[in-house]
Amino acid sequence: TKLGDDFEILSQDPAERRRAVDDYLRTRLFEPLGMIHTELRGSPAYGIWSTVDDLVRFVAEVVTPRLVSETTARSAVTPVFPELAGIVPGGGKRG
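Note that this is a predicted model, so its numbers are computed, not measured. (Residues numbered from 1 in each chain as written. Predicted model: local features only at pLDDT ≥ 70, side-chain atom pairs only at ≥ 80, totals over all residues. Heavy atoms only, no water.)

**Notes on the pattern of salt bridges**
Now for step 1: Summed over all chains, the structure comprises 4 salt bridges.
Now for step 2: When the shortest N-O distance is used, the salt bridge between E39 and R41 registers 3.1 Å.
Now for step 3: Judged by relative accessible area, which is 38%, E39 ranks as partly exposed.
Now for step 4: One salt-bridge network, held together by shared partners, links D23, R26 and E31. (Salt bridge = Lys/Arg side-chain N within 4 Å of Asp/Glu carboxyl O. Buried < 20%, exposed > 50% of the residue type's maximum accessible area, 1.4 Å probe, protein only.)

**Let's talk about the side chain of T38**
Now for step 1: The residue T38 is located in the loop between helix 2 (14–30) and strand 1 (39–40) in this model.
Now for step 2: Looking at T38, its side chain comes within polar contact range of the side chain of S50, at 2.6 Å.
Now for step 3: Those residues in contact with T38, other than ones at most four positions away along the chain, are F30, I48, W49, S50 and D54. (Helix = DSSP H or I, 4+ residues; strand = E, 2+ residues; numbered from the N terminus. Polar contact = N/O pair within 3.5 Å; in protein donor to acceptor, adjacent residues only side chain to side chain. Contact = heavy atoms within 4.5 Å.)

**Here's the deal with the packing of aromatic side chains**
Now for step 1: Scanning all chains against the criterion turns up 0 aromatic pairs.
Now for step 2: Against the face of W49 rests R41, its NZ or CZ located 4.6 Å from the ring centre. (Phe/Tyr/Trp six-rings, centres within 6.5 Å; stacked < 30°, edge-to-face > 60°. Lys NZ or Arg CZ within 6 Å of the ring centre and 35° of its normal.)

Have a look at this one:
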């Protein structure tokens, strides 16, 4: 998406923003990976409902990316501030 598209989404009311995020996830992630039993139910931060089969498809994408470049995939899992200790959601204390 272009930066202007992002600002357009931010200017929408919350229901419209949720639909935009839902559409984006469905068309750019779930459908291309064959995640046919996955859906957004609430916030994208915690409201994605799925099946084990669909999660296996997602993990396969993380391990061997085909939807994004290798550089993008690497940056997504590289700590920005590795020297900082912190809490990993669902994983406990780190560092």
